[in-house]
Each structure stands twice: as C-alpha cells, then as structure tokens.
Amino acid sequence: MLSVKEIDVCYGKAQALFNVSIHVKKEEAVLLLGRNGVGKSTLLKSIIGFLPPVKGSIFFNGKQISGKKVYRIANGGIAYVPQEREIFPDLTVEDNLAVAEHKTQNGIWNIERIYQFFNPLAKMKKRLGGNLSGGEQQMLSIGRALMTNPKLLLLDEPTEGLAPLIVRMLEEQINKLKKSGIGILLAEQNLQSAFKIGDRAYLMEKGSICYEGSTEDLMKNKDILNRYLGIR
Ligand SMILES: Nc1ncnc2c1ncn2[C@@H]1O[C@H](COP(=O)(O)OP(=O)(O)O)[C@@H](O)[C@H]1O
Ligand SMILES: [Mg+2]
C-alpha cells in the first residue's frame, strides 16, 4: 500500500534522512522505532507531504505521492496524527471533528461513530479543545484523523506523556482500528505499547533504517534492542 523508496530528506541544508526505504502492506501495523532524534517524525512528515524528499520517491497504492501537496496526499487516503496532537484549542470537541470531515473517501467514520469509539469525548461535545486533558486531546486528534476515513493512519508517539490507564485504552483502540482494516504506521519510543500493536518493525539510527523484522523476532533480539534502543 505504502512504499517509500530510498528517500533523502533535508531541513534546509541539514540532511535528516538518508536513503530510507520502508513499506506498509494493506491492513498491516508497522512500527518505526528508535531513540529521540533519529528521524521518526521526519519520515512521517515526509510521507504526508510537509517535507518532500530531495531524493527518492514515495508511492501510495501504486501512485507516486512524493512532491504532491499535503491536502492531495490526505485526500488520497492517508491521515496524519502529529506528535504535537493537532486540534483547535478554541473550537469545541464537536467542531474540531466537524471541520475535519471531508467527503473524498467513503467509509464508516462520522461524528457519532467517533463518539462511540472514543466514549469519553461523547460527554464533552461542547467543551473547548484547549480545555481537554492530554489523553482526551489525543483521542480528539485521532478522531479528527478518522473523520477523513483513511486507508493508512500515521501516528507519531500517540501515548507520549499520558497516564497508564489512558495509554492502555489507546492501545486497545488502535488495535481495533488495525482489525478494522486500516493500515497503521506508528512511530514509538514506548516499546511496550508498540509491541502490542505492530506486526513488523523498522529501527532507525541517525536518519537511516538499521534493522527491519517482524515484531516477534525483534522482541527476542536482545542484541539489537540493546544496541539501538538501549534496552538491557
Ligand atoms: N524543524 C527542524 N529543523 C531542523 N532540524 C530538525 C527539525 N526537526 C527535526 N530536526 C532534526 O532532524 C533529526 C530527526 O528529528 P526527528 O525526526 O524529530 O526525530 P524523532 O522523531 O525520531 O525524535 C534530528 O537531528 C533533529 O534535530
Ligand atoms: Mg518524533
């Protein structure tokens, strides 16, 4: 479904990604792991079109998307939930969801469905986005992404800084999305969380992919976990 081929990505003159190739198959959940600053967020931003690659190409369902505008990539069926959680603080929960709706993709998601899926949001429809807790904002941010009925969801550290109870709830819901057939590309530093969700994993180091394998194999590979993630 998604195929990133040998891309280089730069911030001005500073190169952040070096010859990165990854792929995500239909209905697959793929992990992007690595320490802080290795390029996980950069790769997601490049896929959604904020940082077009200076070399290489990105394909989605066989069509080249690299070089296209963000809204065109999003309209094609990719949704992006940034690490900073993208919500409008001055809009209500309901309006945050309503403005995210667009009719380019058919699918099951609408506001009522989001309230069923993220139940806590149903009790705060009129509350301003800025007055939600971190966990509620994350639900809203994912809810906004789902409103576009994506085929592929890019999630950037969705559980970062959240309380354990909310983290478990989000893990469960993300797994439900995966079972519903949405492809997932998940950048994570929280391995416990990631391993519950991912089928396959890529490990990054200094802007490059340094390991690729099934989550099952990676979990057993103490040497790699230690070398690239500092896990003993
Ligand atoms: N806006 C930016 N301008 C310049 N360099 C950046 C910017 N954002 C990130 N970088 C650099 O790109 C590299 C990768 O960062 P990032 O993709 O955010 O890593 P990660 O998400 O894995 O923590 C880092 O060296 C970081 O300093
Ligand atoms: Mg990041």
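Rules and cut-offs
- Residues numbered from 1 in each chain as written.
- Chains lettered and ligands numbered in written order.
- Predicted model: local features only at pLDDT ≥ 70, side-chain atom pairs only at ≥ 80, totals over all residues.
- Heavy atoms only, no water.
- Pairing = 2+ DSSP bridges.
- Helix = DSSP H or I, 4+ residues; strand = E, 2+ residues; numbered from the N terminus.
- Axes fitted to C-alpha atoms, helices over the stretch in contact; angles between N-to-C directions.
- Contact = heavy atoms within 4.5 Å.
- Phe/Tyr/Trp six-rings, centres within 6.5 Å; stacked < 30°, edge-to-face > 60°.
- Buried < 20%, exposed > 50% of the residue type's maximum accessible area, 1.4 Å probe, protein only.
- Lys NZ or Arg CZ within 6 Å of the ring centre and 35° of its normal.

**Q** What exactly am I supposed to notice about the sheet that holds strand β9 (residues 200–205) here?
**A** In a beta sheet, neighbouring strands pair by backbone hydrogen bonds and run either parallel or antiparallel. Sheet architecture is open: six strands sit in the order β6-β7-β8-β3-β9-β10, paired in mixed fashion. Sheet topology places β6 (78–81) and β10 (208–214) at the edges, where each strand pairs with a single neighbour. Each strand axis lies, on average, 15° off the axis of its neighbour in the sheet, ignoring direction. Looking at chain direction, strand β3 (residues 29–33) and β9 are connected through four bridges and run parallel. Looking across to β9, one finds that leucine 32 is bridged to tyrosine 202. Of the strands in this sheet, β3, β7 (152–156) and β8 (183–188) are in contact with helix α7 (residues 164–179), which crosses β8 at around 150°. Strands in contact with helix α10 (residues 222–229) are β3, β9 and β10; relative to β9, the strand with the most contacts, it is inclined by about 40°.

**Q** Sorry, what's going on with the packing of aromatic side chains here?
**A** How two aromatic rings sit relative to each other is given by the distance of their centres and the angle of their planes. A complete count under the given rule lists three aromatic pairs for this structure. Measuring from ring centre to ring centre gives 5.2 Å for tryptophan 109 and phenylalanine 117, while their planes differ by 80°; the resulting arrangement is edge-to-face. Just as tryptophan 109 is buried, phenylalanine 117 falls in that class too. A centroid spacing of 4.9 Å and a plane angle of 70° characterise the contact between phenylalanine 117 and phenylalanine 118, whose relative ring orientation is edge-to-face. Owing to a relative accessible area of 13%, phenylalanine 117 belongs among the buried residues under this scheme. Looking at phenylalanine 118, the relative accessible area reads 1%, which means it is buried. Aromatic ring contacts, followed pair by pair, group Trp109, Phe117 and Phe118 into a single cluster. The ring centre of tryptophan 109 lies 6.0 Å from the NZ or CZ of arginine 113, which sits over that ring.

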